[in-house]
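# Understanding the architecture of this molecule
Listed below, chain by chain, are the residues.
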Amino acid sequence: MSFPSINPVNTQAWAMLQAHFDAVKDQSLQTYFAEDDSRAARFSLEWNDFYLDYSKNRVTSKTMHLLQQLAEEVRLKDAIEAQFSGEHINQTEDRAVRHTALRDFENLPKEVKQTLKKMRVFSKNVIDKSWKGYTGKPITDVVNIGIGGSDLGPDMVTEALSYYKNHLRVHYISNVDGDHVQETLKSLNRETTLFIIVSKTFTTQETLTNASTVRNWFLQQGTILDIESHFVAVSTNLKEVQNFGIAPENIFPMWDWVGGRFSLWSAVGLSTCCAVGYSNFEKLLQGAHQMDLHFKNAAFQDNMPVVMALLSIWYNNFYQSESEAIVPYSQYLSKFVPYLQQAIMESNGKQVDRNQNTVNYQTGTIIWGSTGTNAQHAFFQLLHQGTKLIPVDFIAFAKALHKQDHHQDILLANCFAQSEALLNGTIGEQIDSPFRHFSGNRPSNTLLIKQLTPQNLGALIALYEHKLFVQGVVWNIYSYDQWGVELGKKLAKGTLDSLQDKESNKLHPATERLIHKSKY
Ligand code: F6P
């Protein structure tokens, strides 16, 4: 079986969707609800601890049926099969895409099993204080140095699982802006800090620059021989890690079949593992695996990632919505949106299809958002009364972790009320001023999850991973490469040489002027 490469616009379903869109585009959600008492139940899905209410979308049964037909026609089933069976579906880099294999405990590849064991032993030693720093003191602080997928995933998960955290303080240094590393180092003690350098390639400028700065800082008091008690690395590039001075036994491997933005499930999650303990880390993986099974096996109409992906395509390609907002009503998920921005936009920000043609339809949606209720006092005005159609994903947990029922009731009340207000607007009310008028008819999903456990977090992340994959399949693009980012890496080289007064190739006149202006 081969990975399909079908232009979605040429399918029968697309033409039917276009005709259907022309017929229903002006229908309102208010009418849909008025005409159908069972709409909320009909357009909902339940899976384990997850409940997805997608009734507040501008869709009918026919829309959903045609979207599912589109998925059939682009051979989504074969694409899913190809990914899970290890086919090299990342064809532009000739790689398999196997992050799901990292969490399939019944079929773990040998090297993954060994690495998980190494992570378990290492994190246990650090947590139970048997791992000592160079002066014999236990570790109090763990610092992850990485960027992109080597930072956003573990940082987001560690933050999301704060409730389950132990005594270790965990920090993340990513930006090459020296203020980031200096501010972090300010609070750290060399004798009790452990650095995890995470870089799949071990060639990333930001990470290597930060790692060198940190190593120099450490060597102001420690010696070269002490490095082994304070530096470990996660990488595929064992040679470069050793050149940096890290002992082979302190290297945690990763593999080219795991993309950076899908790597939090690998040893890239070592900082999380230290923060919450191995058993919680394993639960995260188990939860993601449960979602993998659901995604692989459920019929499209019952399949949460598929349904969410198709709804998103409906808005992106037919309503021509430019963006989607994601609003988790949980402060623990405050880093979820930045994490998803990389996962989704680095994956689906592509304009050449899998047949090497420039697409003549929209691909990657712009993802943005932040936590509720804060967001209500920031950008919700635009969601309610602005001129743009922006579908929203509300994410909420039914039960709070802390026993603060009063807060939880207010939080959920706000979350549910906002999606209702977006849907209903002020319809049926006597409004004396146009400024107070809300049209409503603004779509949203509500994802209600029982509680923020490691398993449910794993499943939630996997849900969005699969959603973005489905969209890439339908749009006929390669979701697992990132050539656009590679270009930026090269461009900075000449600019840096010029800034440092070294000989460089001729620069763009505008860049040259900026460099000139920056030297004062
Ligand atoms: O941003 C581009 C990118 O290649 C990401 O895909 C990756 O997560 C990040 O850089 C970091 O790369 P590395 O882990 O190799 O340092």
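Residues numbered from 1 in each chain as written. Predicted model: local features only at pLDDT ≥ 70, side-chain atom pairs only at ≥ 80, totals over all residues. Heavy atoms only, no water.

Our focus in this paragraph is the side chain of Glu465. Along the chain, Glu465 turns up in helix α17 (residues 454-475). Within the local environment of Glu465, its side chain forms a polar contact with the side chain of Trp265, the two groups lying 2.8 Å apart. Setting aside residues up to four positions removed in sequence, Glu465 forms contacts with His99, Arg103, Phe262, Trp265 and Tyr339. (Helix = DSSP H or I, 4+ residues; strand = E, 2+ residues; numbered from the N terminus. Polar contact = N/O pair within 3.5 Å; in protein donor to acceptor, adjacent residues only side chain to side chain. Contact = heavy atoms within 4.5 Å.)

With that settled, consider the pairing of strand β5 (residues 193-198). Taken across its 6 residues, β5 has 6 buried, putting it largely inside the fold. Here β5 shows no split at all, with Thr193, Phe195 and Ile197 on one side and Leu194, Ile196 and Val198 on the other all buried. Inspection of the sheet shows strand β3 (residues 141-145) paired to β5 by 5 bridges, in the parallel sense. Bridged to Ile145 within β5 is Ile197. (Buried < 20%, exposed > 50% of the residue type's maximum accessible area, 1.4 Å probe, protein only. Pairing = 2+ DSSP bridges.)

Quick look at the domain arrangement of the protein now. Domain annotation for the protein reports domain 1 (8-95 + 285-481), domain 2 (104-276) and domain 3 (493-518). Computed over C-alpha atoms only, the centres of domain 2 and domain 3 are separated by 34 Å. (Domains from an automatic or database assignment.)

Moving on, we get to empty space enclosed by the protein. A full pass over the atoms with the stated rule returns 3 cavities of 30 Å³ or more. A volume near 80 Å³ is recorded for the largest cavity. Every residue lining the largest cavity is counted, 13 residues in all, and those nearest its centre are Ser312, Glu324, Pro391, Asp393 and Asn445. At the level of elements, α13 (304-318), β8 (323-329), β10 (392-399) and β11 (444-451) are the ones that each hand at least two residues to the lining of the largest cavity. Looking at which element gives the most residues to the lining of the largest cavity, the answer is α13, with 4 residues. Classifying every residue of the lining of the largest cavity gives 6 nonpolar, 4 polar and 3 charged. (1 Å grid on protein atoms, 1.4 Å probe; cavity = no way out; pocket = protein on both sides within 12 Å on 5 of 7 lines; lining within 4 Å. Points joined across faces, edges and corners; volume = space filled by probe spheres on them. Nonpolar A, V, L, I, M, F, W, Y, C, P; charged D, E, K, R; others polar.)

Within the structure, the ligand sits among 14 residues, and Ser150, Ser199, Thr201, Thr204 and Glu346 are positioned closest to it. In the model, an oxygen atom of the ligand is placed 2.8 Å from a nitrogen or oxygen of the Lys200 main chain. Here Glu346 contributes a side-chain N or O atom positioned 2.7 Å from an oxygen atom of the ligand. Isolated, the ligand exposes 390 Å² of accessible area, and the fraction of that covered by the protein chains is 91%. Given that more than half its atoms are within 2 Å of the pocket grid, the ligand belongs to the largest pocket. Of all elements in the fold, only α14 (336-348) and α18 (483-499) reach the threshold of two or more residues within the shell around the ligand. (Near = heavy atom within 4 Å. Areas by Shrake-Rupley, 256 points an atom, 1.4 Å probe, with all protein chains shown as cover. Sits in = over half its atoms within 2 Å of the grid points.)

One open sheet accounts for 6 strands, arranged β1-β2-β11-β10-β8-β9; its pairing is mixed. Across the chains shown, the open sheet's two edge strands, defined by having one partner strand only, are β1 (44-47) and β9 (366-368). The mean angle between the axes of side-by-side strands here comes to 15°, regardless of whether they run parallel or antiparallel. Of the strands in this sheet, β8, β9 and β10 are in contact with α14, which crosses β9 at around 170°. (Axes fitted to C-alpha atoms, helices over the stretch in contact; angles between N-to-C directions.)

The next point concerns unusual backbone geometry. In this chain, Gly372 is followed by Thr373 through a cis amide linkage whose omega measures 10°. The backbone of Asn48 shows a phi angle near 45°, a positive value even though the residue is not glycine. Within the element layout of this structure, Asn48 appears in the loop between β1 and β2 (50-53). Residues other than glycine seldom take positive phi values, yet Lys129 does so here, at roughly 75°. Relative to the elements of secondary structure, Lys129 occurs in the loop between α6 (110-127) and β3.

Pairing of β1 with β2 involves 4 bridges; the strand directions are antiparallel. Across the sheet, Leu45 pairs through a bridge with Leu52, a residue of β2. What sits between the antiparallel neighbours β1 and β2 is a turn of 2 residues, in which Asn48 has the positive phi angle 45°.

On to the side chain of Asn90. Among the secondary structure elements, Asn90 is positioned in the loop between α5 (76-84) and α6. Only 2.7 Å separates the side chain of Asn90 from the side chain of Glu93, close enough to count as a polar contact. For Asn90, the contacting residues outside a window of four places in its chain are Arg95, Val97, Tyr480 and Asp481.

Turning next to the sheet that holds β5. In spatial order, the strands read β4-β3-β5-β6-β7; together these 5 strands make up an open sheet with parallel pairing. Edge positions in the sheet fall to β4 (169-173) and β7 (251-253), since each of these pairs with one other strand and no more. Across the sheet, the axes of successive neighbouring strands diverge by a mean angle of 20°, strand direction being ignored. Here β3 pairs with β4 via 5 bridges, running parallel. The residue of β4 that forms the bridge with Asn144 is Tyr172. Contacts between α6 and the sheet are confined to β3, β5, β6 (231-235) and β7, with β7 contributing the most and set at about 145° to the helix. The strands that helix α8 (residues 178-186) touches are β4 and β5; relative to β4, the one it contacts most, it runs at about 165°.

Centre-to-centre distance and the angle between the planes together describe a pair of aromatic rings. Enumeration over the complete set of coordinates arrives at 30 aromatic pairs. Between Phe122 and Trp131 the ring centres are 4.9 Å apart and the planes differ by 75°, which places this aromatic pair in the edge-to-face class. Given a relative accessible area of 5%, Phe122 falls into the buried group. Measuring from centroid to centroid gives 6.1 Å for Phe469 and Tyr480, while their planes differ by 25°, and the two rings are stacked. Within this pair, whereas Phe469 is found in helix α17, its partner Tyr480 is found in the loop between α17 and α18, the two being separated by 11 residues in sequence. Feature note: the residues Trp14, Phe21, Trp314, Tyr315, Phe318, Tyr319 and Tyr361 constitute an aromatic cluster, connected by ring pairs. Against the face of Phe33 rests Arg39, its NZ or CZ located 5.5 Å from the ring centre. One Lys or Arg, Arg190, reaches over the ring of Trp217 and ends 4.2 Å from the middle of that ring. (Phe/Tyr/Trp six-rings, centres within 6.5 Å; stacked < 30°, edge-to-face > 60°. Lys NZ or Arg CZ within 6 Å of the ring centre and 35° of its normal.)

Let us now look at the state of the cysteines. Throughout the structure, instances matching the rule amount to 0 disulfides. Looking at Cys273, it has no disulfide partner, and the nearest cysteine sulfur is the one in Cys274, 6.2 Å off. Residue class for Cys274 comes out buried when judged on its relative accessible area of 0%. (Disulfide = S-S within 2.5 Å.)

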